[in-house]
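Below, each chain spelled out in residue letters.
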Amino acid sequence: MPVIEKITEINEALKDIFTFTQENDMVKADFSEYLSTIGSKNISLNQMEKIFLPYVFERKLNNHFILDLYLETGKNKEITEALLGAQASIFEIKKILKNGFELYNLINEKTYTVFSLTKMTNFRGVYAGQYIAGRIFELKGEYFIVEISSVLSHSQKAEAYRYAVMKLIQNPRTLYFDNPEKEEEIKTTITEMYNKFIKSFDKDIILTTNKHADDIIGAFNEGEEIDLSDKGSNLETYKFFHVKELENNYANFLENSMGGFASHNETYDVAVIFDKDRGLYAVPFYETFCHIFEDRNSVENAKQCIEYFLANDSIPNTILERVANKYSNFIDVINEVLETKYTLQELLEKYKSDYLKNTIYSSATVLFCSNAFSEVFDIISLPKKEKPVLTQKVGRNDPCPCGSGKKFKNCCGG
(Lines give C-alpha, C1' and ligand atoms only; values in the text may rest on other atoms or scores of the structure.)
Protein backbone atom coordinates (compact mmCIF):
# COMPACT_ATOMS: atom_id res chain seq x y z
CA MET A 1 0.00 0.00 0.00
CA PRO A 2 1.43 3.44 -0.96
CA VAL A 3 2.38 5.70 1.94
CA ILE A 4 -0.22 8.31 1.00
CA GLU A 5 -2.96 5.70 1.35
CA LYS A 6 -1.63 4.65 4.76
CA ILE A 7 -1.63 8.29 5.88
CA THR A 8 -5.22 8.69 4.73
CA GLU A 9 -6.28 5.54 6.60
CA ILE A 10 -4.46 6.62 9.76
CA ASN A 11 -6.05 10.06 9.74
CA GLU A 12 -9.50 8.56 9.20
CA ALA A 13 -8.90 6.19 12.11
CA LEU A 14 -7.80 9.09 14.35
CA LYS A 15 -10.97 10.99 13.44
CA ASP A 16 -13.07 7.98 14.39
CA ILE A 17 -11.20 7.59 17.69
CA PHE A 18 -11.92 11.25 18.45
CA THR A 19 -15.60 10.68 17.65
CA PHE A 20 -15.50 7.71 20.04
CA THR A 21 -14.32 9.98 22.87
CA GLN A 22 -17.31 12.25 22.18
CA GLU A 23 -20.00 9.59 21.77
CA ASN A 24 -19.16 6.75 24.16
CA ASP A 25 -20.99 7.67 27.37
CA MET A 26 -18.31 6.49 29.80
CA VAL A 27 -15.38 7.93 27.82
CA LYS A 28 -17.20 11.18 27.05
CA ALA A 29 -17.80 11.82 30.76
CA ASP A 30 -14.19 11.04 31.61
CA PHE A 31 -12.86 13.22 28.77
CA SER A 32 -14.95 16.10 30.05
CA GLU A 33 -13.51 15.58 33.53
CA TYR A 34 -10.02 15.39 32.03
CA LEU A 35 -10.50 18.74 30.28
CA SER A 36 -11.65 20.31 33.54
CA THR A 37 -8.66 18.88 35.38
CA ILE A 38 -6.16 20.45 32.96
CA GLY A 39 -8.09 23.74 32.86
CA SER A 40 -9.32 23.38 29.28
CA LYS A 41 -13.08 23.06 29.76
CA ASN A 42 -14.18 25.88 27.44
CA ILE A 43 -12.09 25.38 24.33
CA SER A 44 -12.74 25.17 20.62
CA LEU A 45 -13.25 21.89 18.77
CA ASN A 46 -9.89 22.37 17.04
CA GLN A 47 -8.10 22.77 20.39
CA MET A 48 -9.95 19.76 21.78
CA GLU A 49 -8.73 17.59 18.91
CA LYS A 50 -5.12 18.42 19.82
CA ILE A 51 -5.65 17.63 23.50
CA PHE A 52 -7.36 14.34 22.75
CA LEU A 53 -4.12 12.71 21.50
CA PRO A 54 -2.30 12.65 24.86
CA TYR A 55 -5.64 11.73 26.44
CA VAL A 56 -6.17 8.56 24.38
CA PHE A 57 -2.53 7.52 24.69
CA GLU A 58 -2.05 8.11 28.42
CA ARG A 59 -5.44 8.06 30.16
CA LYS A 60 -6.73 4.88 31.78
CA LEU A 61 -10.31 3.91 32.64
CA ASN A 62 -10.82 0.80 34.79
CA ASN A 63 -7.13 -0.03 34.24
CA HIS A 64 -7.57 0.11 30.43
CA PHE A 65 -6.18 2.74 28.08
CA ILE A 66 -8.73 4.63 26.00
CA LEU A 67 -7.26 3.01 22.88
CA ASP A 68 -7.91 -0.41 24.45
CA LEU A 69 -11.56 0.56 24.90
CA TYR A 70 -11.78 1.78 21.32
CA LEU A 71 -10.21 -1.49 20.13
CA GLU A 72 -13.22 -3.32 21.57
CA THR A 73 -15.41 -1.62 18.94
CA GLY A 74 -13.67 -3.71 16.28
CA LYS A 75 -12.95 -0.68 14.10
CA ASN A 76 -9.53 0.07 12.58
CA LYS A 77 -8.02 -2.83 14.51
CA GLU A 78 -4.63 -2.91 12.79
CA ILE A 79 -4.06 0.84 13.10
CA THR A 80 -5.27 0.94 16.71
CA GLU A 81 -2.93 -1.89 17.70
CA ALA A 82 -0.10 0.00 16.00
CA LEU A 83 -0.98 3.15 17.93
CA LEU A 84 -0.95 1.18 21.19
CA GLY A 85 2.69 0.39 20.46
CA ALA A 86 3.66 4.03 19.90
CA GLN A 87 6.86 5.42 21.39
CA ALA A 88 6.70 8.65 23.38
CA SER A 89 10.19 10.12 23.46
CA ILE A 90 12.35 13.11 22.69
CA PHE A 91 14.08 13.16 19.34
CA GLU A 92 16.87 15.14 17.74
CA ILE A 93 15.95 16.25 14.23
CA LYS A 94 18.70 15.03 11.95
CA LYS A 95 17.09 15.95 8.63
CA ILE A 96 13.93 17.61 7.33
CA LEU A 97 12.60 15.42 4.54
CA LYS A 98 10.08 16.14 1.80
CA ASN A 99 7.32 14.26 3.63
CA GLY A 100 8.69 13.75 7.13
CA PHE A 101 11.80 13.71 9.30
CA GLU A 102 14.92 11.75 10.10
CA LEU A 103 14.91 11.56 13.90
CA TYR A 104 17.39 10.27 16.46
CA ASN A 105 15.64 8.91 19.55
CA LEU A 106 17.65 10.16 22.53
CA ILE A 107 16.20 7.44 24.75
CA ASN A 108 16.57 4.20 22.79
CA GLU A 109 19.55 5.46 20.74
CA LYS A 110 18.06 4.56 17.38
CA THR A 111 17.49 6.66 14.23
CA TYR A 112 14.10 6.63 12.48
CA THR A 113 12.79 7.91 9.18
CA VAL A 114 9.22 8.98 9.92
CA PHE A 115 6.39 10.20 7.73
CA SER A 116 4.25 13.16 8.73
CA LEU A 117 0.46 12.76 8.89
CA THR A 118 0.05 16.43 7.93
CA LYS A 119 1.58 18.72 5.31
CA MET A 120 5.20 19.65 5.97
CA THR A 121 4.25 23.31 5.61
CA ASN A 122 2.75 22.97 9.09
CA PHE A 123 6.29 22.64 10.43
CA ARG A 124 7.68 25.98 9.33
CA GLY A 125 10.17 27.11 11.97
CA VAL A 126 11.22 23.53 12.77
CA TYR A 127 14.82 22.84 11.74
CA ALA A 128 17.50 20.18 11.83
CA GLY A 129 19.41 20.31 15.10
CA GLN A 130 16.30 21.04 17.18
CA TYR A 131 14.67 18.57 19.56
CA ILE A 132 11.03 17.51 19.54
CA ALA A 133 9.06 15.74 22.23
CA GLY A 134 6.63 13.57 20.35
CA ARG A 135 5.18 10.18 19.59
CA ILE A 136 5.94 7.85 16.69
CA PHE A 137 4.53 4.45 15.75
CA GLU A 138 5.20 1.71 13.24
CA LEU A 139 2.64 0.41 10.75
CA LYS A 140 3.54 -2.27 8.21
CA GLY A 141 7.26 -1.56 8.32
CA GLU A 142 7.03 2.22 8.11
CA TYR A 143 7.08 4.83 10.89
CA PHE A 144 4.76 7.79 11.33
CA ILE A 145 4.84 10.74 13.71
CA VAL A 146 1.43 11.17 15.31
CA GLU A 147 2.11 13.93 17.83
CA ILE A 148 4.59 16.72 18.57
CA SER A 149 4.00 18.18 22.01
CA SER A 150 6.94 20.58 22.19
CA VAL A 151 10.00 21.81 20.29
CA LEU A 152 13.36 22.65 21.88
CA SER A 153 16.13 24.65 20.21
CA HIS A 154 19.60 23.19 19.64
CA SER A 155 20.83 25.32 22.56
CA GLN A 156 18.48 23.39 24.89
CA LYS A 157 20.43 20.15 24.54
CA ALA A 158 20.81 19.85 28.31
CA GLU A 159 17.05 20.14 28.81
CA ALA A 160 16.42 17.56 26.06
CA TYR A 161 18.74 14.99 27.63
CA ARG A 162 17.42 15.73 31.09
CA TYR A 163 13.92 14.98 29.78
CA ALA A 164 15.19 11.75 28.19
CA VAL A 165 16.69 10.52 31.48
CA MET A 166 13.50 11.38 33.36
CA LYS A 167 11.48 9.30 30.89
CA LEU A 168 13.93 6.44 31.42
CA ILE A 169 13.48 6.61 35.19
CA GLN A 170 9.71 6.59 34.79
CA ASN A 171 9.78 3.73 32.29
CA PRO A 172 13.12 1.83 31.98
CA ARG A 173 11.69 -0.23 29.13
CA THR A 174 11.91 2.76 26.76
CA LEU A 175 15.71 2.29 26.49
CA TYR A 176 15.39 -1.04 24.70
CA PHE A 177 11.87 -0.79 23.27
CA ASP A 178 12.18 -1.40 19.53
CA ASN A 179 15.96 -1.85 19.93
CA PRO A 180 16.86 -5.54 20.41
CA GLU A 181 20.60 -4.80 20.16
CA LYS A 182 20.34 -2.53 23.20
CA GLU A 183 18.43 -5.18 25.12
CA GLU A 184 21.17 -7.72 24.43
CA GLU A 185 23.69 -5.22 25.79
CA ILE A 186 21.60 -4.85 28.97
CA LYS A 187 21.32 -8.64 29.41
CA THR A 188 25.08 -9.04 29.08
CA THR A 189 25.67 -6.23 31.58
CA ILE A 190 23.25 -7.79 34.10
CA THR A 191 24.97 -11.19 33.88
CA GLU A 192 28.41 -9.65 34.38
CA MET A 193 27.28 -7.43 37.27
CA TYR A 194 25.35 -10.23 38.99
CA ASN A 195 28.39 -12.51 39.00
CA LYS A 196 30.46 -9.61 40.31
CA PHE A 197 27.90 -8.93 43.07
CA ILE A 198 27.82 -12.54 44.24
CA LYS A 199 31.62 -12.71 44.16
CA SER A 200 31.85 -9.49 46.19
CA PHE A 201 29.20 -10.21 48.83
CA ASP A 202 28.46 -13.96 48.59
CA LYS A 203 24.70 -13.23 48.52
CA ASP A 204 22.19 -11.37 46.37
CA ILE A 205 20.80 -9.07 49.08
CA ILE A 206 22.40 -6.64 51.55
CA LEU A 207 20.29 -5.18 54.34
CA THR A 208 21.57 -1.77 55.37
CA THR A 209 20.36 1.81 55.96
CA ASN A 210 20.22 4.95 53.89
CA LYS A 211 23.40 6.11 55.67
CA HIS A 212 25.44 3.28 54.13
CA ALA A 213 23.58 2.33 50.92
CA ASP A 214 25.41 4.89 48.74
CA ASP A 215 28.83 3.68 49.95
CA ILE A 216 27.93 0.03 49.31
CA ILE A 217 26.61 0.69 45.81
CA GLY A 218 29.52 3.01 45.03
CA ALA A 219 32.11 0.50 46.20
CA PHE A 220 30.43 -2.22 44.13
CA ASN A 221 30.39 -0.04 41.00
CA GLU A 222 34.05 0.91 41.48
CA GLY A 223 35.15 -2.65 42.26
CA GLU A 224 36.37 -1.66 45.72
CA GLU A 225 36.32 -3.95 48.74
CA ILE A 226 33.98 -2.86 51.51
CA ASP A 227 33.50 -4.12 55.05
CA LEU A 228 29.81 -4.76 55.71
CA SER A 229 30.23 -5.64 59.39
CA ASP A 230 29.34 -2.12 60.56
CA LYS A 231 26.83 -1.34 57.81
CA GLY A 232 23.84 -3.46 58.78
CA SER A 233 20.44 -1.93 59.51
CA ASN A 234 20.14 -2.90 63.19
CA LEU A 235 17.02 -0.76 63.66
CA GLU A 236 15.41 -0.78 67.09
CA THR A 237 11.98 0.16 65.73
CA TYR A 238 10.37 -0.12 62.32
CA LYS A 239 8.32 2.68 60.83
CA PHE A 240 7.39 3.84 57.36
CA PHE A 241 7.42 7.54 56.46
CA HIS A 242 7.53 9.79 53.42
CA VAL A 243 11.00 10.55 52.02
CA LYS A 244 10.85 13.44 49.58
CA GLU A 245 14.32 12.63 48.23
CA LEU A 246 12.88 9.42 46.76
CA GLU A 247 10.49 11.32 44.53
CA ASN A 248 11.45 11.02 40.87
CA ASN A 249 9.61 14.03 39.53
CA TYR A 250 11.06 16.01 36.67
CA ALA A 251 12.05 19.04 38.75
CA ASN A 252 14.36 17.33 41.20
CA PHE A 253 15.45 13.91 39.97
CA LEU A 254 19.02 14.90 39.05
CA GLU A 255 19.65 16.78 42.26
CA ASN A 256 18.26 13.91 44.33
CA SER A 257 20.36 11.34 42.50
CA MET A 258 23.45 13.43 43.31
CA GLY A 259 22.42 13.64 46.96
CA GLY A 260 21.85 9.91 47.33
CA PHE A 261 20.03 8.05 50.07
CA ALA A 262 22.15 9.62 52.81
CA SER A 263 20.82 13.10 52.07
CA HIS A 264 17.73 12.40 54.22
CA ASN A 265 18.27 13.24 57.88
CA GLU A 266 16.21 10.39 59.33
CA THR A 267 17.50 6.83 59.22
CA TYR A 268 15.53 4.16 57.38
CA ASP A 269 16.38 0.70 56.13
CA VAL A 270 17.41 0.00 52.53
CA ALA A 271 17.87 -3.37 50.83
CA VAL A 272 20.41 -3.57 48.02
CA ILE A 273 19.15 -6.48 45.92
CA PHE A 274 20.60 -7.94 42.74
CA ASP A 275 18.00 -9.82 40.71
CA LYS A 276 19.94 -12.07 38.31
CA ASP A 277 17.36 -11.53 35.57
CA ARG A 278 16.36 -7.88 36.08
CA GLY A 279 19.36 -6.09 37.61
CA LEU A 280 20.23 -4.02 40.68
CA TYR A 281 17.57 -2.57 42.98
CA ALA A 282 17.93 -0.36 46.04
CA VAL A 283 14.64 -0.81 47.90
CA PRO A 284 13.82 1.61 50.75
CA PHE A 285 11.90 0.20 53.74
CA TYR A 286 12.36 -3.41 52.60
CA GLU A 287 13.01 -4.69 56.13
CA THR A 288 10.16 -2.57 57.45
CA PHE A 289 7.89 -4.18 54.87
CA CYS A 290 9.13 -7.67 55.83
CA HIS A 291 8.63 -6.96 59.52
CA ILE A 292 4.92 -6.37 58.89
CA PHE A 293 4.57 -10.12 58.29
CA GLU A 294 6.39 -10.90 61.53
CA ASP A 295 4.65 -8.44 63.86
CA ARG A 296 2.70 -5.76 62.02
CA ASN A 297 1.44 -4.13 65.22
CA SER A 298 5.01 -3.08 65.97
CA VAL A 299 5.41 -1.37 62.58
CA GLU A 300 4.33 2.25 62.51
CA ASN A 301 2.29 3.13 59.39
CA ALA A 302 2.14 -0.52 58.27
CA LYS A 303 -0.79 0.07 55.92
CA GLN A 304 0.96 2.98 54.20
CA CYS A 305 4.06 0.81 53.80
CA ILE A 306 2.06 -1.95 52.11
CA GLU A 307 0.40 0.58 49.81
CA TYR A 308 3.82 2.04 48.95
CA PHE A 309 5.20 -1.35 47.89
CA LEU A 310 2.11 -2.16 45.84
CA ALA A 311 1.67 1.19 44.10
CA ASN A 312 5.33 2.09 43.50
CA ASP A 313 6.07 1.33 39.85
CA SER A 314 9.81 1.06 40.53
CA ILE A 315 9.27 -1.97 42.79
CA PRO A 316 8.85 -5.08 40.57
CA ASN A 317 6.71 -8.14 41.11
CA THR A 318 9.85 -10.14 41.90
CA ILE A 319 10.43 -8.14 45.10
CA LEU A 320 6.89 -8.93 46.29
CA GLU A 321 7.33 -12.57 45.32
CA ARG A 322 10.61 -12.70 47.26
CA VAL A 323 8.80 -11.54 50.42
CA ALA A 324 5.82 -13.82 49.73
CA ASN A 325 8.17 -16.82 49.49
CA LYS A 326 9.74 -15.85 52.80
CA TYR A 327 6.46 -15.38 54.70
CA SER A 328 3.62 -17.89 54.31
CA ASN A 329 1.15 -15.37 55.76
CA PHE A 330 2.02 -12.73 53.15
CA ILE A 331 -1.28 -12.53 51.26
CA ASP A 332 -3.37 -13.10 54.41
CA VAL A 333 -1.80 -10.11 56.17
CA ILE A 334 -2.19 -7.87 53.12
CA ASN A 335 -5.85 -8.84 52.73
CA GLU A 336 -6.50 -8.21 56.41
CA VAL A 337 -4.80 -4.81 56.42
CA LEU A 338 -6.35 -3.65 53.14
CA GLU A 339 -9.68 -5.40 53.77
CA THR A 340 -9.48 -7.26 50.46
CA LYS A 341 -9.67 -10.88 49.27
CA TYR A 342 -6.86 -11.18 46.70
CA THR A 343 -4.93 -14.26 45.80
CA LEU A 344 -1.23 -13.56 45.28
CA GLN A 345 -1.67 -13.75 41.50
CA GLU A 346 -4.62 -11.37 41.58
CA LEU A 347 -2.62 -8.94 43.69
CA LEU A 348 0.27 -9.00 41.21
CA GLU A 349 -2.03 -8.64 38.21
CA LYS A 350 -3.67 -5.58 39.77
CA TYR A 351 -0.56 -3.74 40.92
CA LYS A 352 2.31 -5.16 38.84
CA SER A 353 0.62 -5.99 35.55
CA ASP A 354 3.27 -4.17 33.47
CA TYR A 355 5.97 -6.36 34.96
CA LEU A 356 3.95 -9.51 34.25
CA LYS A 357 3.31 -8.52 30.63
CA ASN A 358 6.73 -7.11 29.76
CA THR A 359 10.39 -7.66 30.52
CA ILE A 360 11.35 -4.60 32.59
CA TYR A 361 14.90 -4.25 33.84
CA SER A 362 15.79 -2.19 36.90
CA SER A 363 16.18 1.58 36.52
CA ALA A 364 19.70 1.44 37.98
CA THR A 365 20.83 -1.09 35.38
CA VAL A 366 19.10 0.70 32.52
CA LEU A 367 20.67 4.03 33.47
CA PHE A 368 24.07 2.34 33.68
CA CYS A 369 23.66 1.29 30.03
CA SER A 370 22.17 4.59 28.83
CA ASN A 371 24.16 7.04 26.71
CA ALA A 372 21.65 9.76 27.64
CA PHE A 373 22.40 9.27 31.33
CA SER A 374 26.14 9.58 30.67
CA GLU A 375 25.56 12.60 28.47
CA VAL A 376 23.45 14.47 30.99
CA PHE A 377 26.27 14.66 33.51
CA ASP A 378 28.67 15.95 30.86
CA ILE A 379 26.45 18.77 29.65
CA ILE A 380 24.74 19.89 32.86
CA SER A 381 27.04 21.94 35.06
CA LEU A 382 25.58 21.94 38.55
CA PRO A 383 26.25 25.18 40.44
CA LYS A 384 29.34 24.85 42.61
CA LYS A 385 28.78 25.37 46.30
CA GLU A 386 31.36 27.24 48.35
CA LYS A 387 33.50 24.93 50.43
CA PRO A 388 32.82 25.35 54.16
CA VAL A 389 35.36 27.12 56.33
CA LEU A 390 36.66 24.43 58.65
CA THR A 391 37.11 25.38 62.29
CA GLN A 392 38.23 21.89 63.27
CA LYS A 393 39.85 18.87 61.65
CA VAL A 394 37.44 16.69 59.64
CA GLY A 395 38.29 13.07 58.93
CA ARG A 396 38.06 11.83 55.34
CA ASN A 397 35.30 9.39 56.26
CA ASP A 398 33.38 11.84 58.46
CA PRO A 399 30.13 13.47 57.25
CA CYS A 400 30.90 16.56 55.19
CA PRO A 401 30.22 19.77 57.20
CA CYS A 402 28.43 21.29 54.19
CA GLY A 403 25.41 19.16 55.07
CA SER A 404 25.26 17.12 51.84
CA GLY A 405 25.09 13.83 53.73
CA LYS A 406 28.12 12.49 51.86
CA LYS A 407 31.50 11.60 53.31
CA PHE A 408 33.98 14.49 53.40
CA LYS A 409 36.33 12.70 50.98
CA ASN A 410 33.50 12.37 48.43
CA CYS A 411 32.34 15.95 48.74
CA CYS A 412 34.15 19.18 49.68
CA GLY A 413 37.27 17.26 50.68
CA GLY A 414 37.57 15.62 47.29
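Rules used in this analysis
- Residues numbered from 1 in each chain as written.
- Predicted model: local features only at pLDDT ≥ 70, side-chain atom pairs only at ≥ 80, totals over all residues.
- Heavy atoms only, no water.
- Pairing = 2+ DSSP bridges.
- Helix = DSSP H or I, 4+ residues; strand = E, 2+ residues; numbered from the N terminus.
- Axes fitted to C-alpha atoms, helices over the stretch in contact; angles between N-to-C directions.
- Contact = heavy atoms within 4.5 Å.
- Buried < 20%, exposed > 50% of the residue type's maximum accessible area, 1.4 Å probe, protein only.
- Polar contact = N/O pair within 3.5 Å; in protein donor to acceptor, adjacent residues only side chain to side chain.
- Phe/Tyr/Trp six-rings, centres within 6.5 Å; stacked < 30°, edge-to-face > 60°.
- Lys NZ or Arg CZ within 6 Å of the ring centre and 35° of its normal.
- pLDDT = per-residue confidence, 0-100.

Caption draft 1: Spatial organisation of the sheet that holds strand E4 (residues 100-105). Pairing is mixed in the closed barrel, where five strands are placed in the order E3-E4-E5-E7-E6. Neighbour-to-neighbour, the strand axes of this sheet turn through a mean angle of 50°, independent of strand direction. One ladder, built from three bridges, connects strand E5 (residues 110-116) with strand E7 (residues 142-152); its direction is parallel. Within the sheet, the bridge partner assigned to Ser116 lies in E7 and is Ile145. The sheet strands contacting helix H5 (residues 77-84) are strand E6 (131-139) and E7, and the helix crosses E6 at an angle near 140°.

Caption draft 2: Region of the structure containing helix H13 (residues 330-338). Most of H13 is tucked away, with seven of its nine residues classed as buried. Listed in full, the buried residues belonging to H13 are Phe330, Ile331, Val333, Ile334, Asn335, Val337 and Leu338. Where the residues of H13 are buried, they touch helix H10 (286-295), helix H11 (302-311), helix H12 (317-326) and helix H14 (344-351). One or two residues past the end of H13 sits Glu339, with phi positive at roughly 60°.

Caption draft 3: Region of interest: the pairing of E7. Taken together, the nine bridges between E6 and E7 define a ladder with antiparallel strand orientation. Residue pairing across strands places Ile132 opposite Val151, the latter belonging to E7. What sits between the antiparallel neighbours E6 and E7 is a turn of two residues, in which Lys140 has the positive phi angle 55°.

Caption draft 4: Expanded view of the side chain of Asn108. With respect to the secondary-structure elements, Asn108 resides in the loop between E4 and E5. For Asn108, the side chain forms a polar contact with the side chain of Asn105, separated by 3.2 Å. Those residues in contact with Asn108 that sit more than four places away from it in its chain are Gln87, Thr174, Leu175, Phe177, Asp178 and Asn179.

Caption draft 5: Region of interest: the packing of aromatic side chains. Across all of its chains, the model carries 28 aromatic pairs by this definition. A ring pair is formed by Tyr176 and Tyr361, whose centres lie 4.9 Å apart and whose planes are at 65°; its orientation type is edge-to-face. Here Tyr361 lies in the loop between helix H15 (353-357) and helix H16 (363-368) and Tyr176 lies in the loop between helix H6 (157-170) and helix H7 (180-201), a separation of 185 residues in the sequence. You'll find Tyr176 and Tyr361 in the same group, each marked buried. Ring centres of Phe241 and Tyr268 lie 6.0 Å apart, and the angle between their planes is 80°; on these two criteria the pair is classed as edge-to-face. On the criterion of sequence distance, the pair formed by Phe241 in the loop between strand E9 (238-239) and helix H9 (253-259) and Tyr268 in the loop between H9 and strand E10 (269-275) is long-range, its members being 27 residues apart. The exposure class assigned to Phe241 is buried, which follows from its relative accessible area of 12%. The ring of Tyr351 carries Lys350 above its face, with NZ or CZ at 5.5 Å from the centroid.

Caption draft 6: Geometry of the confidence of the model for the protein. Averaged over every residue, the pLDDT of the protein is 87; the share at 70 or more is 86%. The weakest mean pLDDT in the protein belongs to H9 at 48; the strongest belongs to E4 at 98.

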